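# Descriptive analysis of the structure
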Amino acid sequence: MDRRGFIAGLATSVAAALSGCGSSTATLSAAEVPLFRKPRGIVQVPVPEGTITMLPGHKRLVALTVDDGTDTDVLQAYIMLAKRTGLRLTFFANGVTPSWTEHASLLRPLVDQGHAIICNHTWSHSDLTKLTDYQIADEIQKNENFLTNLYGVNGRPFLRPPYGNHNARTDQMIGALGYPAVAMWWGSLGDSTSIPSSQVLANARQWLLPQRLVIGHANHPGVLTVMDQIV
């Protein structure tokens, strides 16, 4: 499988962050030195089937995933954070949200470089458990078409059901449409609704633990002032 087939490749280790300040970058200002570099020793593994909440293995990696994108400024800030620090992110996009189109020119280079991946979060963020089989397929395939046309990727192999709502029927549909992994999470920044920046940071400190898939949202400005502290 290609690089988009392995979420482990998007994980970033603390050790990799510390190694970003070598002598070769000594002449750069602090703002120009990336904190993260490509992790060493990452072994690509087949995409796990079923519901996943953690990265495979027993290392000190973490995957920060960013959903929705209803606030265009927050999505832009996440993209610029990745560019500035070297942090690698996994985005779960809803094509109906204008920010993904508005910031395509910023995000597309990161996707092309493997610095970020964009996965499928359905077209309109509808609760899949309340849709017919036809509607589920339409939500997923419409978003695939959007991502392919704008970013050159189709969102596979990871799909995150909106609100985290899924069941045996939806899982079967998702698998039949080419998504072996239903990407859930084990820890959240808690910012699917508007909360104070201090609470976003407290949640990050609680949940950014080894091998976790942690969910954040590009929806509310609370995260903007604490992004560097989260990194």
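What you see is a predicted model, and the numbers here were worked out from it, not measured in a lab.

Attention now goes to the overall build of the protein chain. In terms of regular secondary structure, the protein chain is built from eight helices and eight strands. Buried positions account for 50% of the 231 residues belonging to the protein chain. Taking the intrachain contacts of the protein chain between residues at least 6 apart in sequence as the baseline, contacts between residues at least 24 apart amount to 76%. For the protein chain, the computed accessible surface area is about 10700 Å², with 55% contributed by carbon and sulfur atoms.

Attention now moves to helix α2 (residues 72–85). Counting along an α-helix, one turn takes 3.6 residues, and residues three or four places apart therefore face a common direction. In this model α2 runs 20 Å from its N-terminal to its C-terminal C-alpha over 14 residues, within 8% of the 20 Å that 1.5 Å per residue would give. Among all positions of α2, only Val74, Leu75, Tyr78, Ile79, Leu81, Ala82 and Thr85 are buried. Projected onto a plane normal to the axis of α2, the buried residues spread over an arc of 155° and lie on a single side. In this fold, the buried residues of α2 make contact with β3 (61–68), β4 (89–93), α3 (99–102), α4 (104–113), β8 (212–217) and α8 (227–230). For α2, the N-terminal capping position is held by aspartate 71, with its side-chain oxygen 2.9 Å away from the main-chain nitrogen of aspartate 73. Remark: glycine 86 follows α2 within two positions and exhibits a positive phi of approximately 85°.

For helix α6 (residues 168–176), every residue scored as buried is listed here: Thr170, Met173 and Ile174. Seen end-on, α6 carries its buried residues on one side only, within an arc spanning 100°. Those residues of α6 that are exposed and angled more than 90 degrees off the buried face are Ala168, Gln172 and Ala176. Lining the buried residues of α6 we find α5 (133–151), β6 (158–159) and β7 (181–183). Measuring from the side-chain oxygen of the N-cap residue of α6 to the backbone nitrogen of arginine 169 gives 3.1 Å; that N-cap residue is asparagine 167. Backbone geometry just downstream of α6 places glycine 178 in the positive-phi region, at approximately 105°.

Leaving glycine out, the prevailing phi sign among residues is negative, and the prevailing peptide bond configuration is trans. Here the bond from arginine 156 into proline 157 is cis, since omega is 10°, no more than 30 degrees from zero. Turning to its location among the elements, proline 157 is positioned in the loop between α5 and β6. Not every positive phi belongs to a glycine, and tyrosine 163 is a case in point at roughly 65°. By secondary structure assignment, the location of tyrosine 163 is in the loop between β6 and α6. Assessed through its relative accessible area of 54%, tyrosine 163 is described here as exposed. Positioned with a positive phi, glutamine 211 is a non-glycine residue whose angle comes to about 70°. Mapped onto the elements, glutamine 211 comes out in the loop between α7 (197–207) and β8.

The rules behind these values
- Residues numbered from 1 in each chain as written.
- Predicted model: local features only at pLDDT ≥ 70, side-chain atom pairs only at ≥ 80, totals over all residues.
- Heavy atoms only, no water.
- Helix = DSSP H or I, 4+ residues; strand = E, 2+ residues; numbered from the N terminus.
- Buried < 20%, exposed > 50% of the residue type's maximum accessible area, 1.4 Å probe, protein only.
- Contact = heavy atoms within 4.5 Å.
- Areas by Shrake-Rupley, 256 points an atom, 1.4 Å probe, with all protein chains shown as cover.
- Expected span 1.5 Å × (residues − 1).
- Arc of directions from axis to C-beta.
- Polar contact = N/O pair within 3.5 Å; in protein donor to acceptor, adjacent residues only side chain to side chain.

Treat this as a map of the structure, not an account of what it does.
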